[in-house]
Amino acid sequence: MKVLIVDDEKHVRHAIRMLVHWEACGVTEVIEAESGDQAIEVITALSPPVVLTDMRMPGKDGVALMEWIQVNSPATRVVVVSGYDDFELVRQVIRRGGMDYILKPVDPVEINEALTKATQAWQTAEQDRNRRTMQAIEVNRMRPHYADKLLTELVSGTANTQLSITPLREELHLPAAIHMCNAAVMSTTQLDTDMLDKYKTRHPLLGFSLINICNEFLGNSQTGIAFRHLERMDEIILLYWGEPSRWPQLLQDIHRGIRTALRCYMHIGIGSFGAFPVAAATAYQEARQALWKRDVLQATDWLHNSPLARQAVRLPQLPEMEEELRLSALSCNASRIAAAAGRWISAVADLPSVTAEQLVGWNQELDWMLARWLNDRPDDAAGEELADEHGSIPALPIDNRGLLSLSLWQKQIENRLLAAGQALTPSHSPSNPVIRDIARYLDAHYDEDISLQDMASRFYLSREYISRKFKQEYGVNLSEYLCRIRMDKAKLLLLNDKLRLHHIAGMVGYQDEKYFGKVFKKLEGVTPGEFRKRHSVDPQPLTHTAHDLPRHH
């Protein structure tokens, strides 16, 4: 804590320095000023919490200084040290928020008591300010979520009466009279794999960017709002209540803005206009249906306002090919797997149309099929569910125009069948080769943001299967294994006293230095700083590495 002494007499400033027990008051730095004008410069630059000031000084006197502090630095606490026993001066000090009025010559007890009272008052006020600031931050952080909640309820049909949307009107300051509305829907799931890989560890940022672009156009016209559907986090919804004739052009502008800013091709489903607020839910469902029932085989427009007509042809059924696919997987032969996958791809390619919804359904069927094969292993726990309802299925095999890439889809299926075959028919070694590959990947990429979902997508297996087999192989779960690698690397880096702790945290995969320190202490029993101090004086042998962890077969 800083304290400023303001007095035009040097010997008085020196006397105060000698008389006050600074450390006992928590003061770490004492600054001096010879006048009120100089004090203002110091307060502006350094913001000292407490000021000890004389009253009679050349230039700005104590009264003028306190007036300035009252307006420009109201949190600063002021104690007056004056040689004038003047009632009018005391009254001026009280009126301007002074904490105390001490007469010269300064009494040591009085000055220390006054400073203690001033510093404690500032600390109490500072704690209150920090608490209010944190509350304001939390409120501001939650406000977008609260608005998304209200809007999600509106398009879900659970709050679409004039009475129930009152909180929404108040929160978003909606126009007093909204007669008609419509909705449009876009989904990050329907972006190409390159785009999704770019935002692999920053999915919230992708959604945030899309919403911002949409709201830039909707907000400028004050005719709508974009938000995230809280129950379908891949969906961005545009609610529009402006003039119907302007809606198509606004969507054109939004689509162009997304392509310019993010360099991606975004398909958008659109509903129909109806009376607000009741029609919001209907328009949303129509828009969602139009988006997911679009034809991913044909190079149609990016805007979809009606679902694809129901097909009269019989769709190929993946379960009918299950035995062929299973035998090809068990062969672990790339050519045989490619031939089996190719027959499925050819059956789909012969269709006159394929919807995005059907594509997701087939991928889910394949996921359930592979999970069932792995569950049929005799050494697996009976009845354990491996299906990953949160989406270990790879990204949809679509190109940067949002159309189905049959070659990409075949490659994805081949990779998944080969991974399943390797898991089903391990080598004579008691170790699981796929799990060892995952461990080697963790060893090489420990400094990256890695999750179980990332491993499931990369190695084409469900999260549950990887988690269970990894624990069997290494005796710890994947996150514990990764954490152990990071801590061992951190201990080596800590021996270099030229590296700062926040640099070391980033080098081993932690963006938050405090969280890194918390994890380190939990595993090592000491903080990173304590570990560095201990080993810089009396180096001790490092503990075991991740490769030394017990293996269970």
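A brief report on the enclosed structure follows. On a predicted model such as this, the values are computed, not experimentally measured, just so you know.

With that out of the way, let us pick up the overall build of the protein. Looking only at helices and strands, one finds 21 helices and 11 strands in the protein. A total of 553 residues make up the protein; the buried ones form 47% of that total. Partitioning the contacts of the protein with sequence separation of at least 6, the portion at a separation of at least 24 is 69%. Carbon and sulfur atoms make up 52% of the accessible area of the protein, which totals about 28,100 Å².

Another point: helix α16 (residues 452-459). Since one α-helical turn is 3.6 residues long, residues separated by three or four positions face the same way. Of the positions making up α16, those classed as buried are Gln453, Asp454, Met455, Ala456 and Phe459. Of the surrounding secondary structure, the elements contacted by the buried residues of α16 are α14 (406-424), α15 (433-444), α17 (463-474) and α18 (478-494).

Let us look at the packing of aromatic side chains. Per the stated rule, a full pass over the model turns up 13 aromatic pairs. Where Tyr240 meets Phe273, the ring centres are 6.1 Å apart and the plane angle is 75 degrees; that geometry is what we call edge-to-face. You can see Tyr240 sitting in strand β8 (residues 235-240) and its partner Phe273 sitting in the loop between β9 (268-270) and β10 (274-275), a full 33 residues away along the chain. By relative accessible area, Tyr240 is classed as buried at 0%. The class of Phe273 is partly exposed, set by a relative accessible area of 27%. In this structure an aromatic cluster arises from ring pairing among Tyr510, Tyr515, Phe516, Phe520 and Phe531. When the ring centre of Tyr84 is taken as reference, the NZ or CZ atom of Arg56 above it lies at 5.2 Å. When the ring centre of Tyr510 is taken as origin, the NZ or CZ atom of Arg486, which lies over that ring, is 5.1 Å away.

Moving on, we get to the environment of Ser187. Secondary-structure assignment places Ser187 in strand β6 (residues 180-187). Once residues within four sequence positions are removed from consideration, Ser187 is found in contact with Asp234, Glu235, Met266, Leu291 and Trp292. Engagement of the side chain of Ser187 in a polar contact is seen with the backbone nitrogen of Thr189, the distance being 3.2 Å.

As a further point, take the pattern of salt bridges. A side chain of one charge can pair with a side chain of the opposite charge when the charged atoms of the two come close. With the rule as written, the count across this model stands at 22 salt bridges. One salt bridge connects Lys60 with Asp37, and the closest N-O pair in it is separated by 3.8 Å. In this pair, Lys60 sits in the loop between β3 (50-53) and α3 (62-72) while Asp37 sits in helix α2 (residues 36-46), placing the two residues 23 residues apart along the sequence. Lys60 sits in the partly exposed class, given a relative accessible area of 31%. On the basis of relative accessible area, Asp37 is assigned to the partly exposed category, the value being 37%. Among the ionic contacts, a cluster of salt bridges with common partners joins Asp7, Glu9, Asp54 and Lys104.

Here we take up the sheet that holds β3. Taken in spatial order, the five strands line up as β2-β1-β3-β4-β5 in an open sheet, and their pairing is parallel. Both outer strands of the open sheet, β2 (29-33) and β5 (100-103), are each paired with one neighbouring strand and no more. The mean inter-strand angle of the sheet, taken between neighbouring strand axes irrespective of direction, is 20 degrees. Here strand β1 (residues 2-6) pairs with β2 via five bridges, running parallel. When the bridges of β2 are listed, Val6 appears paired with Ala33.

A few words now on the pairing of β8. Judged by how many residues are buried, β8 sits mostly within the fold: six of six residues are covered. Side chains of β8 alternate between two faces, with Glu235, Ile237 and Leu239 and Ile236, Leu238 and Tyr240 buried alike. Relative to β8, β6 is paired through six bridges, and the arrangement is antiparallel. Across the sheet, the residue bridging to Ala183 is Leu239, located in β8. With five bridges connecting them, strand β7 (residues 224-228) and β8 associate as antiparallel partners. Bridge pairing in β8 links Arg228 to Ile236. Between the antiparallel neighbours β7 and β8 lie six residues.

Cut-offs used in this document
- Residues numbered from 1 in each chain as written.
- Predicted model: local features only at pLDDT ≥ 70, side-chain atom pairs only at ≥ 80, totals over all residues.
- Heavy atoms only, no water.
- Helix = DSSP H or I, 4+ residues; strand = E, 2+ residues; numbered from the N terminus.
- Buried < 20%, exposed > 50% of the residue type's maximum accessible area, 1.4 Å probe, protein only.
- Contact = heavy atoms within 4.5 Å.
- Areas by Shrake-Rupley, 256 points an atom, 1.4 Å probe, with all protein chains shown as cover.
- Phe/Tyr/Trp six-rings, centres within 6.5 Å; stacked < 30°, edge-to-face > 60°.
- Lys NZ or Arg CZ within 6 Å of the ring centre and 35° of its normal.
- Polar contact = N/O pair within 3.5 Å; in protein donor to acceptor, adjacent residues only side chain to side chain.
- Salt bridge = Lys/Arg side-chain N within 4 Å of Asp/Glu carboxyl O.
- Pairing = 2+ DSSP bridges.
- Axes fitted to C-alpha atoms, helices over the stretch in contact; angles between N-to-C directions.

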